[in-house]
Amino acid sequence: GTVVAGTGIASFHSPRASLARHVAFTGVTSAVLRWDGTGFTAIARAGDPILGGPATLNELAAPAISSGGPIAFRASVNSSIDGDGLFVWYPAPPGPGYFMPLVFGGAETLRFPPDINGTGQVLWMDDNDALWVWDGFQNQPGPSQGGAAPGGGTFAQFGHRPVINDDGLVALRAGLVG
């Protein structure tokens, strides 16, 4: 996201230039908001830097919140290695909290919204139909398309919204072959 007059702008539309070298445009911003029962807090916005580096968040999407407070969300990223990212925001009372990338840039593209459980584990799927679980320290591989299914056969495809419970058990719809 580009920052204009202190506001992160995720995308621009309908630019119009004047003869005096002024430009008017419609700017769309993007944010993940958290409601605490009394008001909204923006926990991440277009234009926010990622870990203090030159990369910034662009369009934010698909938030998932756990009962413990952390929020997982997807975002497109502006950087030298453009791409999608998966992030988790952690509350840090009494401060504003912080977010960290779980997957950032590179060849991975995220599919579908992530899910997050009460212990902070994040379940997500990549564009190769492989499931991953962030365990708080690293991404652990889960089942993948073409991988062995319990009881025999292989996974042919996964449904659109796998979920993870507080015990780390995953539920999903899957097509099987064999």
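Everything numeric here is computed off the predicted structure, so don't read it as measured data.

Conventions adopted
- Residues numbered from 1 in each chain as written.
- Predicted model: local features only at pLDDT ≥ 70, side-chain atom pairs only at ≥ 80, totals over all residues.
- Heavy atoms only, no water.
- Phe/Tyr/Trp six-rings, centres within 6.5 Å; stacked < 30°, edge-to-face > 60°.
- Pairing = 2+ DSSP bridges.
- Helix = DSSP H or I, 4+ residues; strand = E, 2+ residues; numbered from the N terminus.
- Buried < 20%, exposed > 50% of the residue type's maximum accessible area, 1.4 Å probe, protein only.
- Polar contact = N/O pair within 3.5 Å; in protein donor to acceptor, adjacent residues only side chain to side chain.
- Axes fitted to C-alpha atoms, helices over the stretch in contact; angles between N-to-C directions.
- Core = buried A, V, L, I, M, F, W, Y, C linked by side-chain atoms within 4.5 Å.
- Contact = heavy atoms within 4.5 Å.

S.K.: How would you sum up the packing of aromatic side chains? Please name residues and give values.
M.R.: Within the structure shown, the criterion is met by three aromatic pairs. With 5.8 Å between their ring centres and 15 degrees between their planes, Trp 124 and Trp 132 make a pair best called stacked.

S.K.: Describe in detail the pairing of strand 8 (residues 71–78), supporting the description with residues and values.
M.R.: The pairing of strand 7 (residues 56–65) with strand 8 spans six bridges and is antiparallel. Looking across to strand 8, one finds that Leu 60 is bridged to Ala 75. Adjacent in sequence and paired antiparallel, strand 7 and strand 8 are bridged by five residues, among which Gly 69 carries a positive phi angle near 115 degrees.

S.K.: An account of the side chain of Ser 30 is needed here, citing residue identities and associated values.
M.R.: Take Ser 30: it is sitting in the loop between strand 4 (23–28) and strand 5 (31–35). Judged by relative accessible area, Ser 30 falls into the buried class, the value being 11%. Of the polar contacts made by the side chain of Ser 30, one reaches the backbone nitrogen of Leu 60; its length is 2.7 Å.

S.K.: Lay out the sheet that holds strand 13 (residues 130–134) in plain terms, naming residues and giving numbers.
M.R.: With antiparallel pairing, the four strands of this open sheet are ordered in space as 11-12-13-14. The sheet is open, and its two edges are formed by strand 11 (110–116) and strand 14 (139–144), each paired on a single side. Neighbour-to-neighbour, the strand axes of the sheet open up by a mean angle of 20 degrees, direction not taken into account. Strand direction decides the pairing type here: strand 11 and strand 12 (residues 122–126), joined by four bridges, are antiparallel. Among the inter-strand pairings, Ile 116 is bridged to a residue of strand 12, identified as Val 122.

S.K.: If you had to explain the nonpolar core to someone new, which residues and values would you point to?
M.R.: Counting residues in hydrophobic clusters, the biggest one holds 14 residues, and the most contacted among them are Leu 57, Leu 60, Phe 73, Phe 87 and Phe 99. At the level of secondary structure, the elements contributing two or more residues to this core comprise strand 6 (40–45), strand 7, strand 8 and strand 9 (83–90). The element that contributes the greatest number of residues to this core is strand 8, accounting for four residues. Those residues in contact with Phe 87, other than ones at most four positions away along the chain, are Ile 50, Leu 57, Ile 71, Ala 72, Phe 73, Ala 75, Val 77, Phe 99, Met 100, Pro 101 and Leu 102. Among the nonpolar cores identified, the runner-up in size contains twelve residues, and Ala 72, Leu 86, Leu 102 and Val 122 belong to it.

S.K.: An account of the environment of Asp 36 is requested, with residue identities and associated values reported.
M.R.: The residue Asp 36 is located in the loop between strand 5 and strand 6 in this model. Classification of Asp 36 by relative accessible area gives partly exposed; the value is 45%. When the C-alpha atoms of Asp 36 and Gly 69 are compared, they prove to be 9.8 Å apart, with 33 residues separating the residues in sequence.

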